[in-house]
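Examining the three-dimensional arrangement
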Amino acid sequence: MADPRPPRWLKPMNKVMMAVQRLGIRTGPAMVLTVPGRKTGVPRSTPMTPFVHDGGLYTVAGYPGADWAANARAAGAGTLSQGRRSRRVTIVELTPEQSRPVLRSFAVKVPVGVGFAKRSGLVIDGTPDEFEALAGRLTVFRLDPA
């Protein structure tokens, strides 16, 4: 099965989310991760929904092969913002084996991400077992304080 592609509405919606964040308005648990582009070095910002698992802060790429994940992997560090607050983070990519329990947790703790994965066809019911099975397909990062 071919990996799904992001819907056309995703980039415009991400721009709206980032504009709202820049105004200092919190949008629930959503945050914005900014990292330098891997080719240009120009800052690239992406909305995401980090969550706490076993005391650490994690995020999951919504699609296999997501550009922002490649930029984050190359950068290894960035700025995580929510509203007007921001902090530097170190970005650590997990191995597929390390990502399994985090993906199980994601299925329970990030309902908006589960809905997104269901609409994109990555999962059917959004169960922890389905998300764990995506280990190695979806990139999982731990965001440590810099």
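Our subject is the structure listed above.
Keep in mind that this is a model prediction, so the values were computed, not measured. (Residues numbered from 1 in each chain as written. Predicted model: local features only at pLDDT ≥ 70, side-chain atom pairs only at ≥ 80, totals over all residues. Heavy atoms only, no water.)

This next bit is on the packing of aromatic side chains. The geometry of an aromatic ring pair is captured by two quantities: the separation of the ring centres and the angle between the planes. Evaluation of the coordinates by the stated rule reveals five aromatic pairs. Taking the centre distance of 5.3 Å and the plane angle of 85° together, the rings of Tyr63 and Phe116 count as edge-to-face. Of this pair, Tyr63 sits in the loop between strand S4 (56–60) and helix H2 (67–75) while Phe116 sits in helix H4 (residues 111–120), and the two are 53 residues apart along the sequence. Judged by relative accessible area, Phe116 falls into the buried class, the value being 16%. An aromatic cluster of three or more residues is present, and its members are Phe51, Tyr58, Phe106 and Phe131. (Phe/Tyr/Trp six-rings, centres within 6.5 Å; stacked < 30°, edge-to-face > 60°. Helix = DSSP H or I, 4+ residues; strand = E, 2+ residues; numbered from the N terminus. Buried < 20%, exposed > 50% of the residue type's maximum accessible area, 1.4 Å probe, protein only.)

With respect to the helices and strands, Ser99 occurs in helix H3 (residues 96–109). On the basis of relative accessibility, which here comes to 2%, the residue Ser99 falls in the buried class. Those residues in contact with Ser99, other than ones at most four positions away along the chain, are Leu94, Ala135, Gly136 and Val140. (Contact = heavy atoms within 4.5 Å.)

Once that is clear, we can look at the pattern of salt bridges. A pair can form between side chains of opposite charge whenever their charged atoms are brought close. For the structure shown, the criterion picks out six salt bridges. One network of salt bridges, in which partners are shared, links Arg104, Asp129 and Glu132. (Salt bridge = Lys/Arg side-chain N within 4 Å of Asp/Glu carboxyl O.)

A separate point is H3. Look at H3: 19 Å from first C-alpha to last across 14 residues, which is about the 20 Å you get at 1.5 Å a residue. Its maximal kink placed at Val102, H3 deviates by approximately 25°. Regarding H3, the residues found buried are Ser99, Val102, Leu103, Ser105, Phe106 and Ala107. (Expected span 1.5 Å × (residues − 1). Bend = angle between axes of the 7 residues up to and from the residue.)

It is worth spelling out the sheet that holds strand S6 (residues 85–93) at this point. Pairing is antiparallel in the open sheet, where seven strands are placed in the order S2-S1-S5-S6-S7-S4-S3. In this open sheet, the two edge strands, each paired with only one partner strand, are strand S2 (43–48) and strand S3 (51–53). Across the sheet, the mean angle from the axis of one strand to that of its neighbour is 40°, orientation sign disregarded. As paired elements, strand S1 (residues 31–36) and S2 share six bridges and run antiparallel to each other. Within S2, the position partnered with Val35 by the bridge is Arg44. Sheet contacts for H2: S1, S2, S4, strand S5 (77–82), S6 and strand S7 (140–145); angle to S1, the most-contacted strand, approximately 60°. (Pairing = 2+ DSSP bridges. Axes fitted to C-alpha atoms, helices over the stretch in contact; angles between N-to-C directions.)

Right, let's talk about the side chain of Gln82 for a bit. For Gln82, the location among the structural elements is in strand S5. Take Gln82: its relative accessible area is 14%, and that puts it in the buried class. Among the polar contacts made by the side chain of Gln82, one reaches the main-chain carbonyl oxygen of Ala30 at a distance of 3.4 Å. (Polar contact = N/O pair within 3.5 Å; in protein donor to acceptor, adjacent residues only side chain to side chain.)

So, on to the packing of H3 against H4. Between two packed helices, both the angle of their axes relative to each other and the distance between the axes serve to describe the pair. At a closest axis distance of 6 Å, the pairing of H3 and H4 adopts a crossing angle of 100°. The angle between H3 and H4 places the two elements in the roughly perpendicular class. Residue-level inspection shows Phe106, Ala107, Val108 and Lys109 of H3 in contact with H4, the latter providing Pro111, Gly113 and Val114. Looking at the contact of H3 with H4 residue by residue, the classes come out as five nonpolar, one polar and one charged. (Parallel < 35°, antiparallel > 145°, perpendicular 65-115°, else oblique. Nonpolar A, V, L, I, M, F, W, Y, C, P; charged D, E, K, R; others polar.)

Quick look at the nonpolar core now. Ranked by size, the top nonpolar core spans 18 residues in total, and within it Phe51, Val60, Phe131 and Val140 carry the most contacts. Elements represented by at least two residues in this core include exactly S4, H3 and H4. In terms of residue count, H3 provides more of this core than any other element does, four residues in total. The contacts of Val60, once residues within four sequence positions are left out, are Phe51, Trp68, Leu103, Phe106, Leu138, Thr139 and Val140. If you look at the next biggest cluster of nonpolar residues, it comprises 15 residues, including Met31, Val35, Met48 and Trp68. (Core = buried A, V, L, I, M, F, W, Y, C linked by side-chain atoms within 4.5 Å.)

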